Amino acid sequence: MMEKQNKELHVKNRTELWYNIAKNIAIVTAVLAGILSVLMIANFIQTKSVDPLNSQAISQLMTKLQENPEDTVLIEQIRALDLLARKAYFTHQWQIRTGSYLLFTFVLILLLALKYMSSLAPRFPDLTKGPETEKTWESRLLSRKYILYGGLGLVLLAFVLGVLSQTELKKIGIFQPQKNQATSGYASLKEIRDNWPGFRGPEGIGWAYHTDVPKEWDGPSGKNIRWKIEIPYPGFNSPIIWGKKIFLSSADRRRQVMYCIDADSGEFLWQRELNDIPGSPERRPQVTEDTGFAAPTMTTDGTRVFALFATGDIACLDFDGNRVWAKNLGVPENHYGHSSSLITYQDLLLIQYDQNTGGRLLALSTLSGDMVYDQPRDVEISWASPVLVNTGKRDELILNSNPFVMSHDPRTGQELWRVRCMLGEIAPSPAYADGMVYVVNDYARLAGIKLGESAEMVWEYIDDLSEVSSPLASNDYLFMSASYGTVTCLDNKTGERLWLEEFEEGFYSSPILVGEFVYLMDMSGVTYVFKADKEFQLISRNELGEKAMSIPAFMHDRIYIRGTKNLYCIGE
Amino acid sequence: MKLKKLKIFFVALALLCPVFVYSQVQERFPKPDFESGYVRPDLLTPAPRSVVWEYMDILVLVAALSLATYFAHKLRSRRNIFLLMVFSLVYFGFYRKGCVCSVGAVQNVSFALFNLAYVIPLSVILFFALPLIFTLFYGRTFCAAVCPLGAIQDAVVLKPISVPEWLARLLSMFPYVYLGLAVLFAATGAGFIICQYDPFVGFFRFGADFNMVILGMSMLLLGTIVARPYCRYLCPYGVLLNWMSRLSRRHVRITPDECNKCRLCEESCPFGAIKKADEETQPMKKETDVKQLAVLFILLPVIVFGFGWVGSRLDISLSRLHPTVSLAEEVLLENAGKRTEMTDATKAFRATGKPLEELFAEARAIQTQFHKGGWILGGFIGLILCLKLISLFIRRRQLEYDVDKGTCLSCGRCFAYCPYEQVRLGQMTPEELKELDRRDVSIKQFRA
């Protein structure tokens, strides 16, 4: 019995001894870990505040060195200081690393000591009390309740996550595409055709989809003129419209400006002068008077607007006039001044950039302005604008240039086909209808090109050719207006001339097809409305009251015309 | 003597691990030298292993599982289980940097099941299946001594408190939700969230995202008083192990003999996995329970369907975690002018020239998968909720103190509390056992 008691006492003493040792180790390591933690935090803060690459002392010495670059003593001083700063920085880092390992070791020892101590403290129940089995049943009742609440909580959480957080996506409509709704974030074809997003309207082919517009007006007397507003600076570009906002641009030797005008009131919503564009040339390029610095018509993708100027400056603003991006494409080598207008395709801004230095098709990201592709084209300089058509098989970007009319995949820039049929300085843009492309240039020809397996010229016409105004194709006819005042109508399948009319003034503007009628404005600002038919039938002759060279924009029941000084809104 | 040898073996293995680490460093290309003295940071994810070493991992896993089972069932030694656990922590945790692990392997298997083009490595299949097979026969010995995630938490258990039963039952729903989500995300290719949100892998790799380090530290801090919180209330693999363990025929028991209901083991389990004998229990009113149970049975299909419907409504929210959908969303928002700056991902995508419609079509297809998966996930959670509620109505008479097969981790903590264990170990004679005054029992007598 005695022996057993002694044995138990021995075990007890030994256990107590080990417990105390563990306790002391735990205390010591806890204190050390605490001190180390404080030191490490201080070290971390110090390291964060020290940046050797931007040391103030070094910066001051560097400034001195710029004044006296040959001072070798100063150079050595900078080097020594730089080395010192870097050494200090890396020493701090080493301290943090080493400290981490030390801290890990201390925590490990502390943990082991505590673990040992806890192993000596068994978990016995209070045996003086009875078993708590009754409570188990109570607890089960409670469990039922809380599991039920938990389930409801999950449902509620799922509801919040599932229903409330998806509103943004639903609003945009990626997952539930509906009829006529864009599924890709950029404007759908329907939206594009509902608006007037660029040069010669939707797709750039001169077709207006809003046909309920006035056929008669008179600028001088104010008949059917809803409003007019003076545009402060010059520009030959045409107005573009999205919703209730009209956009146009102006530029002269000193400034480049983008405007946004309210379509209902005719008031400026904003005007943005474009300064500080990276790469913008200090010396403006030489341009001719009838081209100017703002000949390219702007374009919009329904969210942002884009403008290009003769300087090669290109800018993107949002609908509120905030600059999204701006850059310089390189000053165009162009003896008249750059005039090719912009067009968008999905998230790409496409630019026909044919210069004296060579032809290029550029695609910039509409979002960032980053170059997506820069497709070289073996053509001469041109002033025509691209048109974007769907041939039934694919989307094609068709460009008129010398000597080739070329088609590109708008997504990649890859050339799809080319037809050699042009020469001279190309300004008229292509026309398109029903699988046929029509291109013209003075002293060259008017060519009808049929698209099929390969593109081929199926007819040509060589009289009364246009040098600036673009042709217009309806489903059956082709209309061509020339700068010396003639308008020709041809059968667009055969190229046979149906009629020719001569007018007082020449045409720089291009004809637009509005339902059954063609609207065509001459250089004096007189717009002729005639039937798009095999016989010439003039409907009206409408004076603007000032010279104009732009393309009218047709939206809802109104026409918007930019004269040389004012922008007019025509509506009954 | 045998024990001493075993201990030496484990210590030697643990010490050799760092040597293995450096012997495994493989570089396909020489590292560039930086004149500036720049030191390349270490990778946070382990490099792929050669096939030989994959087999070595499998061998180690089999050996560890076998030893854990042997220690728990045959030797009934908590100390050996603890030592093996330390080895597993060092090998599978710090040396193998927590990869491959059985918990994460759930996702590989799910991904492989739904993506036939994915060739799942043999080692991953075995890491997934072997612990389940061992559990099916012998209970969760994997959790006791092999799983590094369990080991790191077990190492910090200092003063565990008893979590109230209602709270424990409520929290035990989360592993099912986590498992469902992990399978859904893996099957749809959205990602391996178990690995992504592993709170301990940062410690194993000595580096992780700051938030994950904070989460891991919080989990370990919590683990000092709530034993193994991740294993009990989050581990998705634990759900499968729980199911297997319930079916196991040779599960560890508290007593090696018979239970004399001395109650000494009552508080010994920090995981609350001991079922108390309840012969003295006063039954509740049965009629109410039967009625409620009948209602529950009638409502079960409705609840499952309802949860399924709610799950399906999560399709858009959940699918956003898929990289393709997330990219599509970013592109969409940028196109709509709702993002002024492009992300690296959208820049890279746009540079490929891939048509946007193609991207959106892919995103829509993935969202459809999430819609279907949401139905299954919701239905699964609804079903588990109902089964948990039903189990609370079922009265089974518990004649003796025993482990709950599903939740017991076979850690062996309870063994030493049983007087019959002391007799088995020769620490106490059968006569002494008879004379034992339960109230004077001291743990010192029972230490194995």
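In this report, we go over the structure that sits alongside the text. Note that the coordinates shown come from a computational prediction; the quantities given were computed from them, not determined experimentally.

Definitions and cut-offs
Residues numbered from 1 in each chain as written. Chains lettered and ligands numbered in written order. Predicted model: local features only at pLDDT ≥ 70, side-chain atom pairs only at ≥ 80, totals over all residues. Heavy atoms only, no water. Helix = DSSP H or I, 4+ residues; strand = E, 2+ residues; numbered from the N terminus. Buried < 20%, exposed > 50% of the residue type's maximum accessible area, 1.4 Å probe, protein only. Contact = heavy atoms within 4.5 Å. Areas by Shrake-Rupley, 256 points an atom, 1.4 Å probe, with all protein chains shown as cover. Axes fitted to C-alpha atoms, helices over the stretch in contact; angles between N-to-C directions. Parallel < 35°, antiparallel > 145°, perpendicular 65-115°, else oblique. Nonpolar A, V, L, I, M, F, W, Y, C, P; charged D, E, K, R; others polar. Pairing = 2+ DSSP bridges. Core = buried A, V, L, I, M, F, W, Y, C linked by side-chain atoms within 4.5 Å. Domains from an automatic or database assignment. Patch = residues over 30% accessible without salt bridge, like charges linked within 9 Å, V, L, I, M, F, W, Y side chains within 5 Å. Salt bridge = Lys/Arg side-chain N within 4 Å of Asp/Glu carboxyl O. Lys, Arg positive; Asp, Glu negative; His and termini not counted. Charge placed at Lys NZ, Arg CZ, Asp CG, Glu CD. Left-handed = near helix turned anticlockwise from the far one by under 90°.

Take the overall build of chain A next. On a plain count of helices and strands, chain A comes out with 6 helices and 33 strands. Counting only residues that meet the buried cut, chain A has 52% of its 572 residues in that class. Summarising the internal contacts of chain A: among those between residues at least 6 apart in sequence, 53% fall at separations of at least 24.

Counting its regular elements, chain B contains 22 helices and 2 strands. Contacts in chain B between residues at least 24 apart in sequence constitute 81% of all its contacts with a sequence separation of at least 6. When the accessible surface of chain B is totalled, it reaches about 22400 Å², and 64% of it is carbon and sulfur.

This part is about the packing of helix α4 (residues 102–114) of chain B against helix α14 (residues 236–247) of chain B. The geometry of a pair of packed helices is captured by two quantities: the angle between their axes and the separation between those axes. All names here are of chain B. Interaxial distance between α4 and α14 falls to 8 Å at its minimum, and their mutual angle equals 95 degrees. Classified by the angle their axes make, α4 and α14 are roughly perpendicular. Of the residues in α14, those touching α4 at S102, V103 and V106 are P236, Y237 and L240. By residue class, the composition of the contact of α4 with α14 is 5 nonpolar, 1 polar and no charged.

Residues and elements named next belong to chain A. One open sheet holds the 4 strands; their spatial order is β3-β4-β5-β6, and the pairing between them is antiparallel. Every interior strand has two partners, whereas the edge strands, β3 (240–242) and β6 (268–273), have only one. With strand direction ignored, the average angle separating the axes of adjacent strands in the sheet is 20 degrees. In this structure, strand β5 (residues 256–262) lies alongside β6, joined through 5 bridges in antiparallel fashion. Within β6, the residue paired with Y259 across the bridge is Q271.

Turning to the nonpolar core, a few remarks are in order. Counting residues in hydrophobic clusters, the biggest one holds 117 residues, and the most contacted among them are V103, F142, Y230 and Y237 of chain B. The element best represented in this core is helix α19 (residues 356–391) of chain B, accounting for 13 residues. Split by domain, this core shows at least three residues from each of two domains, domain 1 (53–253) and domain 2 (286–393) of chain B. Core analysis: the next-biggest nonpolar cluster, separate from the first, contains 47 residues, Y432, Y438, Y477 and M480 of chain A among them.

Glancing now at the sheet that holds strand β21 (residues 446–450) of chain A. All names here are of chain A. Reading across from one edge, β19-β20-β21-β22 is the order of the 4 strands in this open sheet, with antiparallel pairing throughout. Each having just a single partner strand, β19 (431–433) and β22 (456–461) make up the two edges of the open sheet. Neighbour-to-neighbour, the strand axes of this sheet turn through a mean angle of 20 degrees, independent of strand direction.

What follows deals with a positive patch on the surface. All names here are of chain B. On the surface, a cluster of positive charge is contributed by R246, R249, R250, K275, R396 and K405. As for its position among the elements, R250 is in the loop between α14 and β1 (274–275). Residue classification places R250 among the exposed residues on the basis of a relative accessible area of 55%.

Bringing the packing of helix α15 (residues 286–312) of chain B against α19 of chain B into the picture now. Residue and element names in this part refer to chain B. Put simply, α15 and α19 touch, their axes get as near as 6 Å, and they point 155 degrees apart. Classified by the angle their axes make, α15 and α19 are roughly antiparallel. With respect to the hand of their crossing, α15 and α19 are arranged in right-handed fashion. Listed contacts from α19 to L293, L296, F297, L300, I303, V304, F305, F307, G308, W309, G311 and S312 of α15 are H371, G374, W375, G378, G379, I381, G382, L383, L385, C386, L389 and I390. The residue makeup of the contact of α15 with α19, split by class, is 16 nonpolar, 8 polar and no charged.

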